[in-house]
Amino acid sequence: MTDSHNSGQHKDREAAAAEVRRMWQPTPSWSQPDPSQTADAEPVEETEEQQPDALSQEFPGDAWSGPATKPVDQPAPWTQPSTTAPSWTQPAAESGAASWSQPEEQDDEVEPAATEEAPAHEAGPSSPVFGGSSFHGSGQDQGAQPQAAQFPPAQPPQPAPGPQQGQGGQPLSPAAQHFFPQGVPGQQAQQPPQNLSYRADELIQALPLPREAPAERGVRSMLKLRPGTTERSERIARATAATAFRRPVTIVVANPKGGSGKTPTTLMLAGALGQARGGGVVAWDNNELRGNMHLRTHDTNSRSTVTDMLQAMPMLTQPDARLGDVAAYLRHQVAGQYDVLTSATTTYAQIEAKDFDQIHRLLSRFYKVLVIDTGNNEGSSNWREAMKAADALVIPIKWKSLSCAAAVQMLEELDNQGPEAQRLIRRAIIAVSNGPGDVNKEVEKQLRPYFESRAAAVIDIPTDMHVAAEGPLDHNALQPATRRAALELAARVSEQITTALNTPR
């Protein structure tokens, strides 16, 4: 009896171990029987006392086989006759999700087999432990143990998820799906092809943004750190000033009062735009008689004026005319990367509206931004033509009574010229550039709120001795605070131009 028991136990343990090894080997399906299995396998010799399976002996009451029902101090299972089938072979008592030891849906062909008496265990490694009929019968005579007496009424079957794919693309058995609900590890299921369509702008927006360049000044530049608040604001202003407009734009600098800072403001604005944009900017002294821009700029390669350009207009307006042909009549300012067209130095000819139109069309062919300095006569035709062509208006003032009074009168005159002039006033930028001793605190206190309410912004340019010297203005010779204020002025003007271009008239 002992030898037979030990032999049967050893065979059952080898059969279970072989089945577990075969389960984890790559086979066409987890639930297919072994092809080498023969139909006439001889059953194991049964004893008078029904023996439990080997896995139950090895792992009594383990969590994967169900809750343990027998106390610890009970005698070994092979010393007493078994009255119930092992718990891992019975259907789960819980309602809801199906147990791993029972298939999700029972076929009609399997139900009759459950009522027949089956051998306790089959000998050899071909005995199916996971899958097959072993999920429906335990080797006991189930007729002697009615199902209704041991378990609550069966619940309606729940809809099972779609079969997971195993090795070779075949579906897994219900038991294998319990262990691998997401599929076999390391083997992803083949995804269905998706019809994806992207536009070029969507792909460009999905690209990662470039990293911010390290600081260029101070200790942060030596340590390769990110820029500080001041340097970052300058970068933003420079990028705004370099806005790419969809057509050539015109900026007019105007104040009827002489000495209000029109020419220095024009040159600082042109220099800030030229440095930010890398060129493509021209400053034009649109004085009807004689301006002083030729005194405030470097005489680089040309002494020509607007009068000489008008005389060469038949040649410059030809279809094959080039930028170099026009540049022969301009002064190039290396520091600010912009060109200058000076006014006439004599009083033999006066610039009129038709002359302004010819020059404006010619410069718009070769330059992207035109910064126009005006004279002091609001009644001249070229002054009025400049206002009609303006995309943005810059009003330079000093905190002095006469300078501010002339600017207020000009705004009131433009306000009576119609909707276009009124929109130009709302987009205007006030540039305050004071020389030494020019600031009147009482005037500033009274008129700053007025200009802030009428215009888009008020930019304060600090006093700079290089500007106050009234010599040729070199952009690199300006104080850092003055260059930052000029860059801020250029950024605000660019913002207003962008608004004007995007607003339908």
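Scroll up a little and you will see the structure.
Residues numbered from 1 in each chain as written. Predicted model: local features only at pLDDT ≥ 70, side-chain atom pairs only at ≥ 80, totals over all residues. Heavy atoms only, no water.

S.K.: Hey, could you go over the pairing of strand 7 (residues 429-433) for me, with residue numbers and the actual values?
M.R.: The buried fraction of strand 7 is high, at five of five residues. Burial along strand 7 is two-sided: Ile429, Ala431 and Ser433 facing one way and Ile430 and Val432 facing the other are all buried. Inspection of the sheet shows strand 6 (residues 392-397) paired to strand 7 by four bridges, in the parallel sense. Paired with isoleucine 395 across the strands is isoleucine 430, a residue of strand 7. Inspection of the sheet shows strand 7 paired to strand 8 (residues 457-461) by five bridges, in the parallel sense. (Buried < 20%, exposed > 50% of the residue type's maximum accessible area, 1.4 Å probe, protein only. Helix = DSSP H or I, 4+ residues; strand = E, 2+ residues; numbered from the N terminus. Pairing = 2+ DSSP bridges.)

S.K.: Go over the pattern of salt bridges, please, and point to the residues and values.
M.R.: Applying the stated rule across the entire model yields 18 salt bridges. When the shortest N-O distance is used, the salt bridge between arginine 331 and aspartate 299 registers 4.0 Å. Placement of the pair is arginine 331 in strand 3 (residues 331-333) and aspartate 299 in the loop between strand 2 (281-286) and helix 10 (306-311), with a sequence separation of 32 residues. For arginine 423, the salt bridge goes to glutamate 420, with nearest N and O atoms at 2.4 Å. (Salt bridge = Lys/Arg side-chain N within 4 Å of Asp/Glu carboxyl O.)

S.K.: Quick one: what's the story with the packing of aromatic side chains, residue by residue and with numbers?
M.R.: Counted by the stated rule, this structure contains three aromatic pairs. Consider the rings of tryptophan 284 and phenylalanine 356, whose centres lie 4.9 Å apart with planes at 15°: the pair is stacked. Of this pair, tryptophan 284 sits in strand 2 while phenylalanine 356 sits in helix 13 (residues 353-366), and the two are 72 residues apart along the sequence. Note on tryptophan 284: relative accessible area 1%, which makes it buried. Among the aromatic residues, those joined into a cluster by ring pairs are Trp399, Tyr450 and Phe451. (Phe/Tyr/Trp six-rings, centres within 6.5 Å; stacked < 30°, edge-to-face > 60°.)

S.K.: So what's going on with the nonpolar core? Residues and values would help.
M.R.: Core analysis: the largest hydrophobic core is formed by 45 residues, its most contacted members being Met309, Leu363, Leu393, Ile395, Ile397 and Phe451. Per-element accounting of this core gives the leading share, six residues, to helix 15 (residues 401-415). Excluding anything up to four places from it in sequence, isoleucine 395 contacts Ala254, Ala407, Met410, Leu411, Ala428, Ile429, Ile430 and Ala431. Core analysis: the next-biggest nonpolar cluster, separate from the first, contains 39 residues, Val249, Val369, Leu487 and Ile497 among them. (Core = buried A, V, L, I, M, F, W, Y, C linked by side-chain atoms within 4.5 Å. Contact = heavy atoms within 4.5 Å.)

S.K.: I'd like a description of the environment of arginine 247, backed by residues and values.
M.R.: Along the chain, arginine 247 falls in the loop between helix 8 (229-241) and strand 1 (249-253). Remark: the alpha-carbon pair of arginine 247 and leucine 501, spanning 254 residues in sequence, is separated by 9.1 Å. Ignoring sequence-local partners within four residues, the contact set of arginine 247 consists of Lys368, Asp391 and Leu501. A distance of 2.7 Å separates the side chain of arginine 247 from the side chain of aspartate 391, its partner in a polar contact. (Polar contact = N/O pair within 3.5 Å; in protein donor to acceptor, adjacent residues only side chain to side chain.)

S.K.: Go over unusual backbone geometry with me, naming the residues and quoting the values.
M.R.: Within the chain, glutamine 337 stands out as a residue other than glycine whose phi angle is a positive 55°. Inspection of the secondary structure assignment puts glutamine 337 in the loop between strand 3 and strand 4 (338-341). Under the relative-accessibility criterion, glutamine 337 is labelled partly exposed at 34%.

S.K.: With reference to specific residues and values, describe the sheet that holds strand 6.
M.R.: Strand order across the open sheet formed by eight strands is 3-4-2-5-1-6-7-8, with mixed pairing between neighbours. With one partner strand each, in any of the chains shown, strand 3 and strand 8 form the two edges of the open sheet. Within this sheet the neighbouring strands show an average axis-to-axis angle of 25°, counted without direction. Across the sheet, helix 19 (residues 480-502) is in contact with strand 1, strand 6, strand 7 and strand 8; its angle to strand 8 comes to roughly 160°. (Axes fitted to C-alpha atoms, helices over the stretch in contact; angles between N-to-C directions.)

S.K.: Tell me about the packing of helix 15 against helix 16 (residues 419-426), residues and numbers included.
M.R.: Describing two packed helices takes the angle between their axes plus the distance from one axis to the other. Interaxial distance between helix 15 and helix 16 falls to 8 Å at its minimum, and their mutual angle equals 145°. In contact with Leu411, Leu414 and Asp415 of helix 15, helix 16 contributes Ala421, Gln422 and Ile425. In terms of residue class, the contact of helix 15 with helix 16 is built from four nonpolar, one polar and one charged. (Nonpolar A, V, L, I, M, F, W, Y, C, P; charged D, E, K, R; others polar.)

S.K.: Tell me what's going on with the pairing of strand 5 (residues 369-374), and back it up with residues and numbers.
M.R.: Burial within strand 5 is extensive, with six of its six residues counted as buried. Here six bridges tie strand 2 to strand 5, and the two strands are oriented parallel to one another. Paired with alanine 283 across the two strands is valine 371, which belongs to strand 5.

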